Amino acid sequence: MVITEDIRYVGVNDHDVDLFEGQYIVPNGMAYNSYVIMDEKIAVMDTVDIRFTHQWLDNIQNTVGSRNPDYLIVQHMEPDHSANIMSFVKAYPDVKIVSSAKAFVMMKNFFGTDFADRQIVVGEGDTLSLGKHTLTFVTAPMVHWPEVIVTYDSCDKVLFSADGFGKFGALDVEEDWACEARRYYIGIVGKYGAQVQALLKKAAGLDIQTICPLHGPVLSENLGYYLNLYNIWSSYQPEEEGIVIAYTSVYGNTKKAVLQLADLLKANGCPKVVVNDLARCDMAEAVEDAFRYSKLVLATTTYNAEIFPFMREFITHLTERNYSNRTVACIENGSWAPLAAKVMKGMFEKSKNLTFADTTVRILSALNEESTAQLNALADELCQEYLAQQDATANKNDLTALFNIGYGLYVVTSNDGKKDNGLIVNTVTQVTNTPNRVAVTINKENYSHHIIQQTGKMNVNCLTTDTPYAAFEKFGFTSGRNVDKFADCEPLRSDNGLVFLPRHINAFISLKVEQYVDLGTHGMFICEVTEARVISNAESMTYTYYLNNVKPKPETEGKKGYVCKICGYVYEGDHLPEDYICPLCKHGAADFEPIS
């Protein structure tokens, strides 16, 4: 396979493996990827599983011909990528091995030698010239082993991403990338979200046109799609709105309640309901679903004053992978002393940003009138926002939405006639209540100010404390004149035709401009309220909460240079160019300050 003019694929497909890493079902096999960079000097990127030694060496020989590789670059020491280091050295005795210091320690453990006579130890920012190709090494500790490095080729703008952006499945099988990549990521890398976030920040400063992972296909189109998914997964945010019901049932009564709840949720407008019988489904698929969707219902029996073993295993998988930022509800069943809900909630004690539903369903052996009423109440509670989002079931004159206005943070949405736009603001105020009027002040430099002056309408979305930093990046760091901020989602619309956000808001208010006040650098729009919906009871995001809990703290310790006041990006160097543009938020040099 030709990746670029100088980069060739020499990996292998494995259709004999049934369980990857001894636990993950892989019906479509696995790919063990390896690459060759042909230049004045030749570099081979990683090896493959031990069962494919000769096929891999044949692939290399067919690629390099009569030449000998100069370097073997080892990015990751898991045996499915490193098992053939010794075989490669025997085939090419003069080769140098390039890897991290920790990797050479592991090589001694695996092979009885650290190849001291041919070592090239590399760390953060080190480079290796092959001729016209210069490789830069980036450390990626705990993504997902401590020795990992990734490699950037500045000539062809290729990122060799180690296990990052990998997926289950051989390359000769056509299947959806996201499904198997999600299961792969959550199962194998999911615990290390903070480390993946750190690596994504490093990658943001690189011009990447192709990603070459160690598993799965080479990615060369629509890279923003893959990067966005990795950002969602590694920040533990829901990827889609929906409710997963994970259950165990001994005699069928808990299952009956679960199926009844599923029907209620669908009837109440839940966009996606997924039901998993934990005793029979692929556990990794069930874990994937829990991370994919925004809400989770756990239903199980009390068992030996505990919970059913499959449920305990499921929750353990979630908590050891930092399950967070979700709503969780419990259904417990017990014939004499139900304890399941207490046990399940206790297992999540160390989890962050989980909201437990107010309603817990308690079944005494089988559904009765009381537990059926609890089931209906739980469905109503979980679907409150879905009912408020739908025109047919929404209360569009719920003026208690105005109570969610404070010194908070909001997304003001508008439309220029061609595309939807959104802007972060912190200047929304109710100015009168008879009639209800709201004032919104916007900087004149913002494209939204221009749109609203022309159209005379906007929506104010009241953000909640679960809003991720990515939302502030999207709506606060880019201009709607140049970027379609809603290109990657299916928007919901209010009666005025404008977008309201599908998640991370507790209310929205539709406004019609009655009066404009010129404030010099800003303009104040005084508006009447044409629609007001309360979406949820979640706590509103204040500016203080954002600064203390959401906005990342700049990693400036031990660094010399400048830090962006908007997003925290660190520019290392003695002098910041006057025309410098932040690669993350796109703000100019004026918004940087020296690191103190």
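Residues numbered from 1 in each chain as written. Predicted model: local features only at pLDDT ≥ 70, side-chain atom pairs only at ≥ 80, totals over all residues. Heavy atoms only, no water.

*Asks:* I'd like a description of the overall build of the protein, backed by residues and values.
*Replies:* A count of helical and extended segments in the protein gives 16 helices and 34 strands. In terms of C-alpha radius of gyration, the protein reaches 27 Å, essentially the compact-globule figure of 25 Å for 596 residues. Seen through its principal axes, the protein has C-alpha atoms that stretch 85 × 70 × 40 Å. Going through the 596 residues of the protein one by one, you find that 53% of them count as buried. Long-range contacts, defined as pairs at least 24 residues apart, comprise 68% of the intrachain contacts of the protein with a sequence gap of at least 6. In the structure as shown, the protein presents an accessible area of about 26,100 Å², 49% of it carried by carbon and sulfur atoms. (Helix = DSSP H or I, 4+ residues; strand = E, 2+ residues; numbered from the N terminus. Rg over C-alpha atoms; globule rule 2.2 N^0.38 Å. Buried < 20%, exposed > 50% of the residue type's maximum accessible area, 1.4 Å probe, protein only. Contact = heavy atoms within 4.5 Å. Areas by Shrake-Rupley, 256 points an atom, 1.4 Å probe, with all protein chains shown as cover.)

*Asks:* I'd like to hear about the packing of aromatic side chains, residue by residue, with values.
*Replies:* Throughout the structure, instances matching the rule amount to 31 aromatic pairs. Relative to phenylalanine 168, the ring of phenylalanine 20 lies with its centre 5.8 Å away and its plane at 70°, an arrangement referred to as edge-to-face. Here the residue phenylalanine 20 occupies a position in strand β3 (residues 19–20), and phenylalanine 168 occupies one in the loop between β14 (158–160) and α5 (177–189), the gap between them amounting to 148 residues. Of the residues examined, phenylalanine 20 reaches a relative accessible area of 5% and is grouped as buried. With relative accessibility at 0%, the residue phenylalanine 168 sits in the buried group. (Phe/Tyr/Trp six-rings, centres within 6.5 Å; stacked < 30°, edge-to-face > 60°.)

*Asks:* Tell me what's going on with the sheet that holds strand β26 (residues 436–443), and back it up with residues and numbers.
*Replies:* Taken together, seven strands build an open sheet; the order of strands is β24-β23-β27-β30-β31-β26-β25 and the sheet is antiparallel. Lying at the two open borders of the sheet, with one neighbouring strand each, are β24 (420–425) and β25 (428–433). Recorded for the sheet is a direction-independent mean angle of 35° between the axes of neighbouring strands. The pairing of strand β27 (residues 457–463) with strand β30 (residues 505–518) spans seven bridges and is classified as antiparallel. (Pairing = 2+ DSSP bridges. Axes fitted to C-alpha atoms, helices over the stretch in contact; angles between N-to-C directions.)

*Asks:* For the sheet that holds strand β7 (residues 43–45), give the residues involved together with the corresponding values.
*Replies:* Taken together, the six strands give an open sheet; going across it, the order is β1-β6-β7-β8-β9-β10, and neighbouring strands pair in mixed fashion. The strands lining the two open edges of the sheet, one partner per strand, are β1 (7–9) and β10 (119–121). The mean angle between the axes of side-by-side strands here comes to 20°, regardless of whether they run parallel or antiparallel. The strands touched by helix α1 (residues 53–64) are β1, β6 (35–37) and β7; relative to β6, the strand with the most contacts, the crossing angle is about 25°. Sheet strands touched by helix α4 (residues 101–111): β9 (96–99) and β10. Its angle to β9, the strand with the most contacts, is close to 120°.

*Asks:* Now, about the side chain of serine 294: what can you tell me, with residues and values included?
*Replies:* For serine 294, the location among the structural elements is in strand β18 (residues 293–303). For serine 294, a relative accessible area of 8% puts it in the buried group. Polar contacts involving the side chain of serine 294 include one to the main-chain carbonyl oxygen of glycine 242, which spans 3.2 Å. When neighbours within four sequence positions are excluded, serine 294 is seen to be in contact with Pro238, Glu240, Glu241, Gly242, Arg326, Thr327 and Tyr386. (Polar contact = N/O pair within 3.5 Å; in protein donor to acceptor, adjacent residues only side chain to side chain.)

*Asks:* Describe in detail the pattern of salt bridges, supporting the description with residues and values.
*Replies:* Counted under the stated rule, the structure contains 28 salt bridges. Among the ionic pairs, lysine 167 bridges to glutamate 175, the shortest N-O distance being 2.6 Å. Using a relative accessible area of 26% as the deciding quantity, one classes glutamate 175 as partly exposed. Here arginine 437 makes a salt bridge to glutamate 514, at a shortest N to O gap of 2.9 Å. On the criterion of sequence distance, the pair formed by arginine 437 in strand β26 and glutamate 514 in strand β30 is long-range, its members being 77 residues apart. Salt bridges sharing common partners tie together Asp391, Lys396, Asp495, Glu531 and Arg533. (Salt bridge = Lys/Arg side-chain N within 4 Å of Asp/Glu carboxyl O.)

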